[in-house]
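Fold and contact review
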Amino acid sequence: MISTLPTDCLNKIFECLEEDKATLHSCLLVNRLWCRISVEILWRNIWDLKCIDQIIRTLIDCLPNESKDLLINNGVISIPISNPPLFNYVSLCKVLSIPHLLIGYCTYIEILTQDPKNYLIIQEILKMFMKQISSLKEMDFSFIEDDYVFDFFYNKYNFLNFINFPGANDCLKNLSELICDSYINSEFFLQLSKICHNINSLVIKFEETVSVVGIKELISCQNNLKSISFTCNDGSNIFDNDILNCFKASTNIQIL
């Protein structure tokens, strides 16, 4: 009976299973229609799935040919020959987690520290995200809880340059949830403030280093900021008065 339901009805039913990943995985095997609907829901947020290594492998398979050629020509890693993916998985993503991408990638190949050129895979995956995702909803680039990731990636690689990749403006303009660290370069926040004006929820993890100008500008340019959350690891008073004034000036805030 349920297999004969209209697609709209199936969509409504499957939406209720968004948090039940196991059941959605089972639905993949029923028929093509169920598979398509399940995939669309599962890939909205791939970072809370347990099989992160398989996710990274699939993302590499989804890379366009020019990206694969770049990796091969730079002697990064051999790209396995595989059939084209069944779906344009990347276009279904609504959440981007830079920490999960970096950590998952390291777990997958375990050779990044041995050859810096392997970082090109991260670059090409981020290019693919910016170009193929029409409207990203959530983004996380917070690293405070993992010193290794911060020391290795943030200091050695400009992994935040994805904001300048083709398609980034369209991809990020409707961003509604953002999690970030206070030490991220002010230029990144300033560039983001030119693109994102519709953030509803903002989480800032403060450290001793604070990009005051960039954070202030990002907060000031939001049209409908409703929730702001900030944490400080050592409990010291590092919040700049200008930033606090921006909080006060955001008249739509419901949760602080």
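Analysis parameters
Residues numbered from 1 in each chain as written. Predicted model: local features only at pLDDT ≥ 70, side-chain atom pairs only at ≥ 80, totals over all residues. Heavy atoms only, no water. Helix = DSSP H or I, 4+ residues; strand = E, 2+ residues; numbered from the N terminus. Buried < 20%, exposed > 50% of the residue type's maximum accessible area, 1.4 Å probe, protein only. Areas by Shrake-Rupley, 256 points an atom, 1.4 Å probe, with all protein chains shown as cover. Pairing = 2+ DSSP bridges. Axes fitted to C-alpha atoms, helices over the stretch in contact; angles between N-to-C directions. Phe/Tyr/Trp six-rings, centres within 6.5 Å; stacked < 30°, edge-to-face > 60°. Lys NZ or Arg CZ within 6 Å of the ring centre and 35° of its normal.

1. Notes on the overall build of the protein chain
Secondary structure summary: the protein chain contains 12 helices and 5 strands in total. Counting every position in the protein chain, which comprises 256 residues, the buried fraction comes to 45%. For the protein chain, the computed accessible surface area is about 13,200 Å², with 50% contributed by carbon and sulfur atoms.

2. Notes on the sheet that holds strand E2 (residues 138–141)
Pairing is parallel across the open sheet formed by 5 strands, whose spatial order is E1-E2-E3-E4-E5. Either end of the sheet is taken by a strand with one partner, and the two such strands are strand E1 (95–97) and strand E5 (227–232). Within this sheet the neighbouring strands show an average axis-to-axis angle of 5°, counted without direction. Relative to strand E3 (residues 177–181), E2 runs parallel, the two sharing 4 bridges. When the sheet's bridge partners are listed, Glu138 is paired in E3 with Glu177.

3. Looking at the packing of aromatic side chains
Tallying each qualifying case throughout the model produces 7 aromatic pairs. With 5.8 Å between their ring centres and 70° between their planes, Phe87 and Tyr89 make a pair best called edge-to-face. What makes Phe87 partly exposed here is its relative accessible area of 23%. Residue Tyr89 is classed as buried on the basis of its relative accessible area of 14%. Centre to centre, the rings of Phe141 and Phe189 are 6.5 Å apart; their planes meet at 45°, and the pair counts as tilted. One end of the pair, Phe141, is in strand E2; the other, Phe189, is in helix H10 (residues 186–195), with 48 residues separating them in the sequence. With respect to burial, Phe141 and Phe189 carry one shared label: buried. An aromatic cluster is present here, built from Phe141, Phe162, Phe188 and Phe189 joined pairwise through their rings. Across from the ring centre of Phe165, 5.6 Å away, lies the NZ or CZ of Lys127, which sits over that ring.

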